Amino acid sequence: MVKIVYFAWVRERIDKPEEEIELPASVVTAGDLLAYLKTLGDGYEAALEYPDVIRVAVNQEHVEHDEPIAGAHEIGIFPPMTGG
Amino acid sequence: MTRPTPTIRVQSDDFDLQSEIDVLTDGRTDIGAIVSFVGLCRGEQNTLSALELEHYPGMAEAEMQRIAGLAIERFDLMGLTAVHRYGKIAPGENIVLVIAASPHRQAAFDGANFVMDFLKTSAPFWKKEHGVDGQPRDWVAAKDADDSARDKWS
């Protein structure tokens, strides 16, 4: 099981701030994870419609979509950042 | 030379520029330049009642710490403070503070600029607009110009 946390409009569209998910073995990279989540329902589909813009963090560090997520205990999924 | 430890905070409360500068310079006579940046909430021609700042607790602090470390290393800063607020912030109120200290002005200017450019593009904060009717509106969209500003440092 891995804890996934969502922020901003990704959180609103999926309609939950976090969840624990059992990932299939076929999910290797951050990009695989986004593609898998997108199949879980309408909210996920709406949140992850354009996966290229979505950012992923593994254990609170940014990762690229082609990086593996093995060893993750927490994965953050969120839109481009707009702080400052 | 020992690198200074940056002061990093993510908080809902406001901050006070002068007291943050005082903490950074307290008892020191080797600092020759302090550059500070304060980012405020704009009212957007009175169409906005507030910006609501969401953050990723833990990662926001960690990312600010990482960016601060890069700036201290690259510009040989003598001190660095970065404070970012979260929650609802009304037009005219403070959102973010960066203070860079160095022996001479150029490093302090560059250090503060560098920290802001990276903070905007990689620290996990998001802004949502609230209209004058008090209702939540759209999330602020990320700007390509912010990516370009960051990329000038690479």
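Cut-offs and rules
Residues numbered from 1 in each chain as written. Chains lettered and ligands numbered in written order. Predicted model: local features only at pLDDT ≥ 70, side-chain atom pairs only at ≥ 80, totals over all residues. Heavy atoms only, no water. Axes fitted to C-alpha atoms, helices over the stretch in contact; angles between N-to-C directions. Helix = DSSP H or I, 4+ residues; strand = E, 2+ residues; numbered from the N terminus. Parallel < 35°, antiparallel > 145°, perpendicular 65-115°, else oblique. Left-handed = near helix turned anticlockwise from the far one by under 90°. Contact = heavy atoms within 4.5 Å. Nonpolar A, V, L, I, M, F, W, Y, C, P; charged D, E, K, R; others polar. Buried area = accessible area lost by both parts, 1.4 Å probe. Salt bridge = Lys/Arg side-chain N within 4 Å of Asp/Glu carboxyl O. Pairing = 2+ DSSP bridges. 1 Å grid on protein atoms, 1.4 Å probe; cavity = no way out; pocket = protein on both sides within 12 Å on 5 of 7 lines; lining within 4 Å. Points joined across faces, edges and corners; volume = space filled by probe spheres on them. Phe/Tyr/Trp six-rings, centres within 6.5 Å; stacked < 30°, edge-to-face > 60°. Buried < 20%, exposed > 50% of the residue type's maximum accessible area, 1.4 Å probe, protein only.

S.K.: So, the packing of helix α3 (residues 105–122) of chain B against helix α4 (residues 144–151) of chain B: which residues are in play, and what are the values?
M.R.: All names here are of chain B. Close contact between α3 and α4 brings their axes to 9 Å; oriented N to C, the two are set at 135°. Between α3 and α4, the angle is such that the two are oblique. α3 and α4 meet at a crossing whose hand is left-handed. Contact with α3, carried on its side by Asp117, Phe118, Lys120 and Thr121, involves Asp146, Asp147, Ala149 and Arg150 of α4 and no other residues of that element. When grouped by side-chain class, the residues that make up the contact of α3 with α4 number two nonpolar, one polar and five charged.

S.K.: Describe the interface of chain A and chain B, and please don't skip the residues or the numbers.
M.R.: Taken residue by residue, the interface counts 20 residues in chain A and 25 residues in chain B. Across the interface of chain A and chain B, roughly 1800 Å² is buried in total on both sides, 55% from carbon and sulfur atoms. For the pair chain A and chain B, the interface holds two salt bridges. Among the salt bridges present, the one from Glu54(B) reaches Arg11(A), with a minimum N-O distance of 2.5 Å.

S.K.: Give me the lowdown on the sheet that holds strand β2 (residues 18–21) of chain A, citing residues and values where you can.
M.R.: Residues and elements named next belong to chain A. In spatial order, the strands read β2-β1-β5-β3-β4; together these five strands make up an open sheet with mixed pairing. On the outer flanks of this sheet lie β2 and β4 (61–63), each paired with one strand and no other. Taken pair by pair, the neighbouring strands of this sheet meet at an average axis angle of 30°, ignoring direction. Across four bridges, strand β3 (residues 55–58) lies against strand β5 (residues 74–78) in antiparallel orientation. The residue bridging Arg55 from the neighbouring strand is Phe78, located in β5.

S.K.: Give a detailed account of empty space enclosed by the protein, specifying residues and quantitative values.
M.R.: Residues and elements named next belong to chain B. Per the counting criterion, the structure on display carries one cavity of 30 Å³ or more. Approximately 70 Å³ is the volume found for the largest cavity. For the lining of the largest cavity, the elements supplying multiple residues, two or more each, are α3 and α4. Its residues assigned to classes, the lining of the largest cavity shows three nonpolar, one polar and five charged.

S.K.: Pulling in residues and values, what's your account of the packing of aromatic side chains?
M.R.: In total, this model carries nine aromatic pairs over all chains according to the counting rule given. Taken together through their ring pairs, the aromatic side chains of Phe7(A), Phe78(A), Tyr56(B) and Trp126(B) make up a single cluster.

S.K.: Can you tell me about unusual backbone geometry, naming the residues and giving the values?
M.R.: Here Asn59(A), not a glycine, exhibits a phi torsion of approximately 50°, which is positive. With respect to the helices, strands and loops of the structure, Asn59(A) is situated in the loop between β3 and β4. The class of Asn59(A) is partly exposed, set by a relative accessible area of 28%. A positive phi angle, near 50°, is found at Gln45(B), a position not held by glycine. Locating Gln45(B) in the fold gives a position in the loop between β2 (33–40) and β3 (48–55).

S.K.: Give me the layout of surface pockets: which residues, what numbers.
M.R.: A probe matching the size of a water molecule, rolled over the atoms, marks out where space remains unfilled. There is about 340 Å³ of room inside the largest pocket. Lining the largest pocket are 22 residues, and of these Gly84(A), Arg42(B), Lys120(B), Lys127(B) and Lys143(B) lie nearest its centre. Of the residues forming the lining of the largest pocket, the biggest block, three residues, is contributed by β2(B). Here the lining of the largest pocket is built from residues that sort into eleven nonpolar, four polar and seven charged. The calculated volume of the second largest pocket comes to roughly 250 Å³. Among the elements of the structure, β3 and β4 of chain A together with α3 of chain B are those that each provide at least two residues to the lining of the second largest pocket.

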